[in-house]
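Now for the letters of each chain:
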Amino acid sequence: MNPDLDLDLQRVIRAPLAAVWNAWTDPARLAQWWLPAPALCRVDHLDVRPGGAFVTRMSEDGDAFVPHLDACFLLVEDMERIVFTNAVDSTWRPASPEPVTMTAMVTFGEHADGTDYRIVVRHGDPESRALHRKLGFADGWGTVAAQLAAFAESEAAR
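Just so we're clear, the structure is a prediction, and the values are computed from it rather than from any experiment. (Residues numbered from 1 in each chain as written. Predicted model: local features only at pLDDT ≥ 70, side-chain atom pairs only at ≥ 80, totals over all residues. Heavy atoms only, no water.)

Caption draft 1: Here's a closer look at the overall build of the protein chain. Each helix and strand counted, the protein chain has four helices and seven strands in total. Ordering the α and β elements of the protein chain from the N terminus gives β-α-α-β-β-β-β-β-β-α-α. Expected size for 158 residues packed as a compact globule is a radius of gyration near 15 Å; at 15 Å, the protein chain falls within 12% of this value. For the C-alpha atoms alone, the extent of the protein chain along its principal axes is close to 40 × 40 × 30 Å. Here the protein chain, with 158 residues, has 42% of them falling under the buried criterion. At a minimum sequence separation of 6, the contacts of the protein chain that also span at least 24 residues come to 50%. (Helix = DSSP H or I, 4+ residues; strand = E, 2+ residues; numbered from the N terminus. Rg over C-alpha atoms; globule rule 2.2 N^0.38 Å. Buried < 20%, exposed > 50% of the residue type's maximum accessible area, 1.4 Å probe, protein only. Contact = heavy atoms within 4.5 Å.)

Caption draft 2: Representation of the environment of valine 76. On the secondary structure map, valine 76 appears in strand 4 (residues 66-77). Valine 76 gets classed as buried once you look at its relative accessible area, which sits at 19%. Sequence separation between valine 76 and proline 50 is 26 residues; the distance between their C-alpha atoms is 5.9 Å. Apart from the residues lying within four places of it in its own chain, the contact partners of valine 76 are Trp21, Val48, Arg49, Pro50 and Arg81.

Caption draft 3: Quick peek at the pattern of salt bridges. The final tally for this structure, using the stated rule, is seven salt bridges. Several salt bridges share partner residues, and in doing so they unite Asp26, Arg29 and Glu155 into one network. (Salt bridge = Lys/Arg side-chain N within 4 Å of Asp/Glu carboxyl O.)

Caption draft 4: Geometry of the sheet that holds strand 7 (residues 114-122). Spatial strand order, 1-7-6-5-4-3-2: seven strands in an open sheet with antiparallel pairing. Lying at the two open borders of the sheet, with one neighbouring strand each, are strand 1 (6-13) and strand 2 (40-46). Taken over all neighbouring pairs, the strand axes of this sheet differ in orientation by 20° on average, direction set aside. Taken together, the nine bridges between strand 6 (residues 103-111) and strand 7 define a ladder with antiparallel strand orientation. Among the inter-strand pairings, glycine 109 is bridged to a residue of strand 7, identified as aspartate 116. Where helix 4 (residues 137-157) meets the sheet, its contacts fall on strand 1, strand 5 (81-85), strand 6 and strand 7, and the angle it forms with strand 1 comes to roughly 25°. (Pairing = 2+ DSSP bridges. Axes fitted to C-alpha atoms, helices over the stretch in contact; angles between N-to-C directions.)

Caption draft 5: Looking closely at helix 3 (residues 126-134). The opening residue of helix 3 is aspartate 125, an N-cap whose side-chain oxygen sits 3.2 Å from the backbone nitrogen of glutamate 127. One or two positions beyond helix 3, positive phi appears at glycine 136, with a value near 110°. (Polar contact = N/O pair within 3.5 Å; in protein donor to acceptor, adjacent residues only side chain to side chain.)

Caption draft 6: Fine view of the nonpolar core. In this structure, Trp24, Trp33, Trp34, Phe54, Phe84, Phe108 and Tyr117 are the most contacted members of the largest nonpolar core, which totals 40 residues. Taken together, the elements giving at least two residues each to this core come down to strand 1, helix 1 (17-25), strand 2, strand 4, strand 5, strand 6, strand 7 and helix 4. Element by element, the count of residues in this core is highest for helix 4, at eight residues. Look past the residues within four positions of tryptophan 34 in its chain and what remains in contact with it is Trp24, Cys41, Phe54, Thr56, His68, Leu69, Phe84 and Val144. (Core = buried A, V, L, I, M, F, W, Y, C linked by side-chain atoms within 4.5 Å.)

Just geometry here; none of it tells us what the structure is for.
This is the structure we're talking about:
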């Protein structure tokens, strides 16, 4: 991790690694935690493989859904790591998304209390990193990680 270019988040999720992985790789599950509540998520494409599409939409009212993320997966290592970027869209065209271009690496590991979960979001320059931080990276991605934890822990308890 480069502290001048990257932002990160780490937590232990008290659920088995398989439950956390499934929450990331199943469209119906992902839609339940991917955006900070009360926003609603619609998953248009989730093809979790290198080169696969990752497209989501968001809604504040449940009626009108607007674009949220149009990205592609760069690397997928089953039950270990997912890497995606919005610098290339779901159709493999170069993109310049607003407000920032990023590549996110999500890692999953076994932990005595469940799953070691870490995200590193990489930016192309210090200004993009600073903007992402200013726009609320810690709050937004932190809220989503907490929602993922609650979702996976609830599923594991069933």
